[in-house]
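Here is what each chain is made of, one letter per residue.
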Amino acid sequence: ICQEENTLRELRIFLRDICAKLARNKQFFMFTKPVDVEEVPDYLDIIKEPMDLETLMSKIDKHSYICARDFLDDIDLIVRNALEYNPDKSAEDKHIRHRACSLRDKAYAFIKAEMDSDFEDTCRDIREKR
Ligand SMILES: O=C(C1CCC1)N1C[C@@H]2C[C@H]3C[C@@H](O)[C@@H](O)[C@]2(C1)O3
């Protein structure tokens, strides 16, 4: 119904702003584009559902998210993939895992800081009814 569409439009505006802030943070450049499977031939053997910030942004525009929880589930997927594919003790893997954890914490902090909880409840109600 109409006010539901207004709520979801506001959610999309909100999520685009957060996604843009994460994507322009230099620390998170490694998460901005899909992993290049030419460069990393075994990636899809290990990671069954790749995700990145550019894909996240396009999902917003495709109305894939009807509450912040769904958006954060895809952030968690980016993080999980990075931890799973880069598990070693090497400095490089540790660096990637550290950045992945930072991405998750920043995303949750942005949502918490800017998301009014009644607004999220309204979005969840819409999701429950669909
Ligand atoms: O997992 C990732 C991204 C980092 C978070 C997502 N990659 C897998 C490869 C292993 C490591 C070094 C490079 O080979 C580079 O291609 C990747 C990209 O980083």
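Only a predicted model underlies this, so the values are computations on that prediction, with no experimental measurement involved.

Student: I'm lost on the site of the ligand in this one. Help?
Tutor: As a structural note, the neighbourhood of the ligand is formed by Met30, Phe31, Val35, Glu39, Val40, Tyr43, Tyr85, Asn86, Glu92 and Ile96. In this structure, Glu39 approaches the ligand through a side-chain N or O atom, which is 2.5 Å from an oxygen atom. The separation between an oxygen atom of the ligand and a polar side-chain atom of Asn86 is 3.0 Å. Burial of the ligand by the protein chains amounts to 75% of its free accessible area of 400 Å².

Student: For this particular structure, what's the right way to read the packing of aromatic side chains?
Tutor: What describes a pair of aromatic rings is the distance from one ring centre to the other and the angle between the planes of the rings. Counted under the stated rule, the structure contains three aromatic pairs. With 5.0 Å between their ring centres and 55° between their planes, Tyr43 and Tyr85 make a pair best called tilted. With Tyr43 in helix H2 (residues 43-46) and Tyr85 in helix H4 (residues 68-85), this residue pair connects regions lying 42 residues apart in the sequence. What makes Tyr85 partly exposed here is its relative accessible area of 21%. Over the aromatic face of Phe110 sits the side chain of Lys21, whose NZ or CZ is 5.0 Å from the ring centroid.

Student: Just checking my understanding: could you explain the packing of helix H1 (residues 2-23) against helix H6 (residues 117-129) for this structure?
Tutor: Interaxial distance between H1 and H6 falls to 10 Å at its minimum, and their mutual angle equals 120°. Comparing the axis directions of H1 and H6 gives the class oblique. In this structure, H1 meets H6 at a crossing whose hand is left-handed. Contacts from Glu4, Thr7, Leu8, Glu10 and Leu11 in H1 reach Phe119, Thr122, Cys123, Ile126 and Lys129 in H6. Here the residues of the contact of H1 with H6 are counted per class, giving five nonpolar, two polar and three charged.

Student: When you look at the environment of Leu44 in this model, what are you seeing that I'm missing?
Tutor: In this structure, Leu44 sits in helix H2. For Leu44, a relative accessible area of 43% translates into the label partly exposed. For the pair Leu44 and Gln27, spaced 17 residues apart in sequence, the C-alpha separation works out to 24 Å.

Student: Would you mind going over the nonpolar core with me for this structure?
Tutor: The nonpolar side chains of a soluble globular protein tend to be buried with one another. Membership of the largest hydrophobic core comes to 30 residues, with the highest contact counts inside it found for Leu56, Phe71 and Ile111. Taken together, the elements giving at least two residues each to this core come down to H1, helix H3 (53-61), H4, helix H5 (91-114) and H6. Here the element with the most residues in this core is H4; it accounts for eight residues. Setting aside anything within four residues of it in sequence, one finds Phe71 in contact with Leu15, Ile18, Cys19, Leu56, Ile60, Tyr65 and Ile111.

Student: Any chance you could explain the state of the cysteines here in plain terms?
Tutor: Any covalent bond linking the sulfur atoms of two cysteines counts as a disulfide. Going through the model one piece at a time under the given rule, you end up with zero disulfides. With no disulfide of its own, Cys19 lies closest to Cys67 among cysteine sulfurs, the gap being 16 Å. Judged by relative accessible area, Cys19 falls into the buried class, the value being 1%. Looking at the unpaired Cys101, the closest cysteine sulfur is the one in Cys19, lying at 19 Å. Its relative accessible area of 29% is what places Cys101 among the partly exposed residues.

Here is what the cut-offs are and how they apply
Residues numbered from 1 in each chain as written. Predicted model: local features only at pLDDT ≥ 70, side-chain atom pairs only at ≥ 80, totals over all residues. Heavy atoms only, no water. Near = heavy atom within 4 Å. Polar contact = N/O pair within 3.5 Å; in protein donor to acceptor, adjacent residues only side chain to side chain. Areas by Shrake-Rupley, 256 points an atom, 1.4 Å probe, with all protein chains shown as cover. Phe/Tyr/Trp six-rings, centres within 6.5 Å; stacked < 30°, edge-to-face > 60°. Helix = DSSP H or I, 4+ residues; strand = E, 2+ residues; numbered from the N terminus. Buried < 20%, exposed > 50% of the residue type's maximum accessible area, 1.4 Å probe, protein only. Lys NZ or Arg CZ within 6 Å of the ring centre and 35° of its normal. Axes fitted to C-alpha atoms, helices over the stretch in contact; angles between N-to-C directions. Parallel < 35°, antiparallel > 145°, perpendicular 65-115°, else oblique. Left-handed = near helix turned anticlockwise from the far one by under 90°. Contact = heavy atoms within 4.5 Å. Nonpolar A, V, L, I, M, F, W, Y, C, P; charged D, E, K, R; others polar. Core = buried A, V, L, I, M, F, W, Y, C linked by side-chain atoms within 4.5 Å. Disulfide = S-S within 2.5 Å.

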